[in-house]
Amino acid sequence: MDARKGVGIGSIAPRGPGARPATRAGALNPEAIDEEPELTLEQREELRTLLETRRAEILASIETRQEQERDTGREVGDEMDEANIEGATAMASRLLERDVQLLSEIDRALAKFSDGTYGLCEGTGEPIGFPRLRSRPWARFSVEYQEQLEREARTRGGV
């Protein structure tokens with residue numbers, strides 16, 4: 001660990017919602033900054049619609065998986081049947097957990113519309129690009145910041 005914490009590439013730490021960096025390299029020349037522009041009203045509405053649609057799909061998926069889990073009867077069978085049932089149940093459980101986690105991320109993104117922080121990187125406070133948000137509307141970080149977090153995680157964890 002570097003004794004100069006807060007200096008250099010490993011010093012990026014998440015800031016509070018809506019926090020904006022004080023300065024950046026090239027901040028004196030606005031054209032030197034390559035950040036994404038703020039989202040337009042039309043883009044925000046498109047992304048909100050995407051989130052709400054995806055939320056409805058996930059809720060339906062969760063309900064279907066829960067019904068399937070309840071309907072799985074426990075008939076006495078051979079060991080192979082039991083192993084197949086256990087495998088299917090474990091897979092359904094993992095898919096359900098994944099859906100619940102994604103639903104949580106979507107709800108978090110929708111809440112950001114209310115407090116005015118939707119579309120801002122939670123790590124830097126800078127705008128997240130529209131193309132990234134269109135492909136993953138619940139994204140919390142800009143591509144650059146996400147890549148930095150992943151590099152730091154590989155360095156720390158050796159993964």
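Sequence order as written defines residue numbering, which begins from 1 separately in each chain. Only residues with pLDDT of 70 or above have their local features reported here, since the model is predicted, and side-chain atom pairs are shown and tallied only from 80 upward, although totals for entire chains, interfaces and linings are computed over all residues. Excluded from the side-chain calculation are hydrogens and water; included are all heavy atoms of the structure.

**Brief notes about the nonpolar core**
So, step 1. Grouped together as the largest cluster of nonpolar side chains are 21 residues, with contacts concentrated most on Leu51, Ile106, Tyr118 and Leu133.
So, step 2. The helix count covers DSSP runs of H or I at least four residues long, the strand count covers runs of E at least two residues long, and both are numbered beginning at the N terminus. For this core, the secondary structure elements donating two or more residues are α1 (41-71), α2 (79-115) and α3 (130-135).
So, step 3. A per-element tally of this core places α2 first, with 7 residues.
So, step 4. Apart from residues no more than four positions distant in its own chain, Tyr118 is found in contact with Leu39, Arg44, Leu47, Leu51, Ala109, Lys112, Phe113, Leu133 and Pro137. Nonpolar cores are built from buried Ala, Val, Leu, Ile, Met, Phe, Trp, Tyr and Cys residues. Side-chain atoms within 4.5 Å join them into one set. Burial classes: relative accessible area under 20% of the type maximum marks a residue as buried, over 50% as exposed, and values in between as partly exposed (1.4 Å probe, protein chains only). Should any heavy atoms of two residues lie within 4.5 Å, those residues are considered in contact.

**Points about the packing of aromatic side chains**
So, step 1. Between the rings of Phe, Tyr and Trp (Trp by its six-membered ring), a pair exists once the centres lie within 6.5 Å; its type follows the angle of the planes, with under 30 degrees stacked, over 60 edge-to-face, and the other angles tilted. Following the criterion strictly, the structure yields 2 aromatic pairs and no others.
So, step 2. Note on Phe113 and Tyr118: the rings are 4.2 Å apart at their centroids and 15° apart in plane angle, and the pair reads as stacked.
So, step 3. By relative accessible area, Phe113 is classed as buried at 8%.
So, step 4. The class of Tyr118 is buried, set by a relative accessible area of 4%.
So, step 5. Ring centres 5.3 Å apart and planes at 40° place the aromatic pair Phe141 and Tyr145 in the tilted group. As far as burial versus exposure is concerned, Phe141 and Tyr145 are alike and both buried.
So, step 6. Two limits define a charge over a ring: the Lys NZ or Arg CZ must be within 6 Å of the ring centre, and within 35 degrees of the ring normal. Above the face of the Phe113 ring, Arg48 is positioned so that its terminal group lies 4.3 Å from the ring centre.

**Points about α2**
An α-helical turn contains 3.6 residues, so any two residues separated by three or four positions project in the same direction.
So, step 1. To estimate how far a helix should extend, the number of its residues minus one is multiplied by 1.5 Å. Taking 1.5 Å per residue as the helical rise, α2 with its 37 residues ought to reach 54 Å, and the 54 Å between its terminal C-alpha atoms agrees with that figure.
So, step 2. Among all positions of α2, only Leu96, Asp99, Leu102, Leu103, Glu105, Ile106, Ala109, Leu110, Lys112 and Phe113 are buried.
So, step 3. Remark: Gly116 follows α2 within two positions and exhibits a positive phi of approximately 80°.

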